[in-house]
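The primary structure of each chain is shown beneath.
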Amino acid sequence: MTASDSKTRQRLAAILMADAAGYSRLMSCDERGTVAALDDARAVFRTAIDAHRGRVIDMAGDSVLAVFETASGAVVSALAIQAELARRAADVAADCRMQFRIGIHLGDVIEKDDGTVYGDGVNIAARLEGLAEPGGVTVSDAVQCAVRQRLDAAFDDIGEQRVKNIPTPVRAYRVRELAAGTPRAGAAPAPAPAAAPRRDRVDKPSIAVLPFDNMSGDPEQEFFADGITEDIITELSRFRELFVISRNSSFKFKGKPVEVQKFAQELGVQYVVEGSVRKAGRRVRITVQLIDAETDRHLWAERYDRDLEDIFAIQDEVTTSIVATLPGRVEAAARDRAARLTTDNMAAYECVLTGKVLHHRSNREDNAKAQRLLDRAIELDPNYAHAHAWKACVLGQTWTYNWCESRLETQVQIMQALKTALSLDDNDCDVHRILAAVNLIQDKHDQAMYHQRRALSLNPNDDLVVVQQGEMLTWLGQPEEGIDWIKKAMRLNPYHPERFWSHLARACFAARRYGEAVDALKCISTPDALVRAGLAACHAQLGAAEAAEEERLATLALAPSFTIAECLATLHYRDPAHREHHRASLELAGFPA
């Protein structure tokens, strides 16, 4: 490392760039008045930037450069600045008003020891400022993605813009105030009256996340605690089976002593997440717990200890871990509630929830019970998209294992249920996940991947979506990548269904990692004929003839008419070479064609 390297560091920041519109014209009309107005505007900028944990880098001439730890801080600050400048200039003639254009980008900057910043991130913010209207704010796609669910502001897409000295187009959005009567971005909402637990159109578990406490005694860590809270709220909101209280409502309680049951009653929620952040030296400890607000009982708690090397990477990792666990814990608690009720009195959500559990047992009797529960959910609420989607999933298992009287009729029912679900809610990740699976069964790989990508974009923390991503990549001829996705799904849900092992084994087999495939298949407690045949094929490829023969005989004991053709009919490889590899492996194990 050189001496110059030691004086700079690269980091992620939200960059705000502002410039006075028509400054030269204003100076030519009234120098003294313009200078006074500029000084007044600078004071507004400093106050708002400081209030939202930003730092002014430069105020040369009529421009302003500042950096923020969070994109939301930068956007809220910009909106507050524009509102205050407009208020102060209300009595000034329109052609004499000093108005600023503001651009904001979230990206990497090179920061020197003296606090100055450089890099493409700064350049992009400057170009966005040029795209803003006088008195307006324009942000990049990175900023819009980071804050769109957190702020009470609207984002108008103005498309991809080619800007000077930036090789790739920049997608830009103009930020505007919402209609009158709607709180401005960052404004605290009016206190909500105490109310009974809220219910959406269907009965869902409702949850609120209290702002995490900063226990470090270090004000610099406040943004990290807030960032953890905001990210958890945003990611939980992707789970459409949870009713998640907004960031603005939760943050009204920031820094105040909170009694969980009163907090939950005021916001009308069943569950509360609370946590804390403590920094010690180069380590950070994050604790989180889930509380059943009705009983004030702790349902789950976890602690995360990490090295404080990349605070944003830690924030992402911890958020993912928490969000991957919470919905399952909430579902388990809700399932306990449902178990205490008779089927006739269950809400639609509880029917779907119980149906999911029965479906995952993967046996004919429980799958039939699941189907009856889902039919009941649809009877209770015909417009419940999630119920239609899971009906298709349950029928899909019926079709796959041939537990139906007519496969053709069942396939029609599956497609009808999915068509209905999609028409009711195009943003339900399970609808797209199941559509991906159905298209895959029909070897429509392109359509399957379209719906799979859509499902993944809607909820990247759903273990069923993640494991299917790995399964899909295996069929498309990318098993090494598939293995990584399947293992990620297993980390997201340590209590995953046993079929995850089958997906992992198939990916390992396609990747020619036969020993790992054997290890995965041995984790299946009740192996069927296809699992036994898979073990035989792996052992044959490993040269373990005795073990291969043992598994071949076990396969035929379960399915005396088993053939290679029958097995290949259940596979969906896009590349004929992968199908041939599977066929040759079964042939090597001694199975009949």
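Residues numbered from 1 in each chain as written. Predicted model: local features only at pLDDT ≥ 70, side-chain atom pairs only at ≥ 80, totals over all residues. Heavy atoms only, no water.

## Details of the overall build of the protein
What the protein contains, in helices and strands, is 24 helices and 14 strands. Counting over 593 residues, the protein shows a buried share of 50%. A separation threshold of at least 6 residues defines the contact pool for the protein, and within that pool the share at least 24 residues apart is 65%. Summing over all exposed atoms, the protein offers an accessible surface of approximately 27700 Å²; the carbon and sulfur share of this is 49%. (Helix = DSSP H or I, 4+ residues; strand = E, 2+ residues; numbered from the N terminus. Buried < 20%, exposed > 50% of the residue type's maximum accessible area, 1.4 Å probe, protein only. Contact = heavy atoms within 4.5 Å. Areas by Shrake-Rupley, 256 points an atom, 1.4 Å probe, with all protein chains shown as cover.)

## Details of the pairing of strand 1 (residues 8-21)
Strand direction decides the pairing type here: strand 1 and strand 4 (residues 99-112), joined by 14 bridges, are antiparallel. Of the residues in strand 4, the one forming a bridge with A14 is L106. With 6 bridges connecting them, strand 1 and strand 3 (residues 63-68) associate as antiparallel partners. When the sheet's bridge partners are listed, I15 is paired in strand 3 with V67. (Pairing = 2+ DSSP bridges.)

## Observations regarding helix 17 (residues 463-475)
Relative to the 18 Å expected for 13 residues at 1.5 Å per residue, helix 17 spans 19 Å between its end C-alpha atoms, a close match to the ideal helical length. Of all 13 residues in helix 17, 13 are buried; the element is thus mostly enclosed. Phi turns positive one or two residues past the end of helix 17, at G477, with a value near 95°. (Expected span 1.5 Å × (residues − 1).)

## A look at the environment of T398
For T398, the location among the structural elements is in helix 13 (residues 385-400). Spatially, the C-alpha atoms of T398 and N363 are 9.4 Å apart, while their sequence positions differ by 35 residues. Ignoring any residue separated from it by four or fewer positions in sequence, one finds T398 in contact with N367, Q371, W403 and C404.

## As for the confidence of the model for the protein
Low-pLDDT portions of the prediction should not be read for the details of their coordinates. The predicted model of the protein averages 82 in pLDDT, with 85% of residues at 70 or higher. For the stretch residues 1-6, pLDDT sits under 50, and the model shows 2 contacts to residues farther than four places along the chain or on other chains. The low-confidence segment residues 337-346 (pLDDT under 50) makes 16 contacts with residues lying over four places distant or belonging to another chain. (pLDDT = per-residue confidence, 0-100.)

## Some points on unusual backbone geometry
Not every positive phi belongs to a glycine, and N402 is a case in point at roughly 60°. The topology assignment puts N402 in the loop between helix 13 and helix 14 (407-424). By relative accessible area, N402 is classed as partly exposed at 45%. A positive phi is found at D443, a non-glycine position, where the angle reads about 60°. Along the chain, the position of D443 falls in the loop between helix 15 (429-441) and helix 16 (445-458).

## Considerations on the packing of helix 21 (residues 529-542) against helix 22 (residues 545-558)
At a minimum axis distance of 8 Å, the contact between helix 21 and helix 22 shows a crossing angle of 160°. Classified by the interaxial angle, the pair formed by helix 21 and helix 22 is roughly antiparallel. Seen from above, helix 21 lies across helix 22 with left-handed handedness. Judged by residue contacts, A529, R532, A533, L535, A536, H539 and A540 of helix 21 engage A547, A548, E551, R552, A554, T555 and L558 from helix 22. Residues of the contact of helix 21 with helix 22, tallied by class, amount to 9 nonpolar, 2 polar and 3 charged. (Axes fitted to C-alpha atoms, helices over the stretch in contact; angles between N-to-C directions. Parallel < 35°, antiparallel > 145°, perpendicular 65-115°, else oblique. Left-handed = near helix turned anticlockwise from the far one by under 90°. Nonpolar A, V, L, I, M, F, W, Y, C, P; charged D, E, K, R; others polar.)

## Regarding the side chain of Q161
Within the fold, Q161 resides in strand 7 (residues 154-161). A distance of 2.7 Å separates a polar atom in the side chain of Q161 from the backbone oxygen of I158. (Polar contact = N/O pair within 3.5 Å; in protein donor to acceptor, adjacent residues only side chain to side chain.)

## A word on the packing of aromatic side chains
Within this structure, the stated rule accounts for 6 aromatic pairs. Ring plane angle 70° and centroid distance 4.9 Å describe the contact between W475 and Y573, whose orientation is recorded as edge-to-face. Here the residue W475 occupies a position in helix 17, and Y573 occupies one in the loop between helix 23 (564-568) and helix 24 (576-588), the gap between them amounting to 98 residues. The two residues W475 and Y573 agree in class, both being buried. Over the face of the ring belonging to W399 we find R407, whose NZ or CZ atom lies 4.0 Å from the ring centre. (Phe/Tyr/Trp six-rings, centres within 6.5 Å; stacked < 30°, edge-to-face > 60°. Lys NZ or Arg CZ within 6 Å of the ring centre and 35° of its normal.)

## What about the pattern of salt bridges?
Tallying each qualifying case throughout the model produces 21 salt bridges. In this structure, R174 and E133 form a salt bridge, with 3.9 Å as the shortest nitrogen-oxygen distance. Of this pair, R174 sits in strand 8 (residues 170-176) while E133 sits in the loop between helix 5 (120-131) and strand 6 (137-140); the two residues are 41 residues apart in sequence, bridging distant segments of the chain. The salt bridge involving D446 is made with R574; its shortest N-O contact spans 2.4 Å. With a gap of 128 residues between them, D446 in helix 16 and R574 in the loop between helix 23 and helix 24 connect regions that are remote in the sequence. (Salt bridge = Lys/Arg side-chain N within 4 Å of Asp/Glu carboxyl O.)

## Side note on helix 24
The end-to-end C-alpha distance of helix 24 is 18 Å, a good match for the 18 Å that 13 residues give at a rise of 1.5 Å each. The residue sitting at the N-terminus of helix 24 and contributing the capping side-chain oxygen is D575; that oxygen lies 2.9 Å from the backbone nitrogen of A577. Looking at the residues trailing helix 24, positive phi occurs at G590, about 100°.

## Quick notes on the pairing of strand 4
On a regular strand, each side chain points to the face opposite its neighbour's, so the side chains alternate between the two faces of the sheet. Note that strand 4 and strand 6 share 3 bridges and pair parallel. Note on strand 6: the bridge partner recorded for I102 is V137. As paired strands, strand 4 and strand 5 (residues 117-118) are joined by 2 bridges and run antiparallel to one another. Across the sheet, E111 pairs through a bridge with V117, a residue of strand 5. Connecting strand 4 to the antiparallel partner strand 5 that follows it, the hairpin turn spans 4 residues, and G115 within it adopts a positive phi of roughly 95°.

## Description of the packing of helix 20 (residues 514-521) against helix 21
One way to put it is that helix 20 packs onto helix 21 with a least axis distance of 9 Å and a crossing angle of 155°. Our classification of the angle between helix 20 and helix 21 gives roughly antiparallel. The handedness of the crossing between helix 20 and helix 21 comes out as left-handed. For the pair helix 20 and helix 21, the contacting residues are Y514, G515, A517, V518 and L521 in the first and V531, G534, L535, C538, H539, Q541 and L542 in the second.

## Describing the environment of Q442
As for its position among the elements, Q442 is in the loop between helix 15 and helix 16. Between the alpha carbons of Q442 and H572 there is a distance of 8.4 Å; along the sequence they are 130 residues apart. With near-sequence residues (within four places) excluded, Q442 lies in contact with Q411 and M415.

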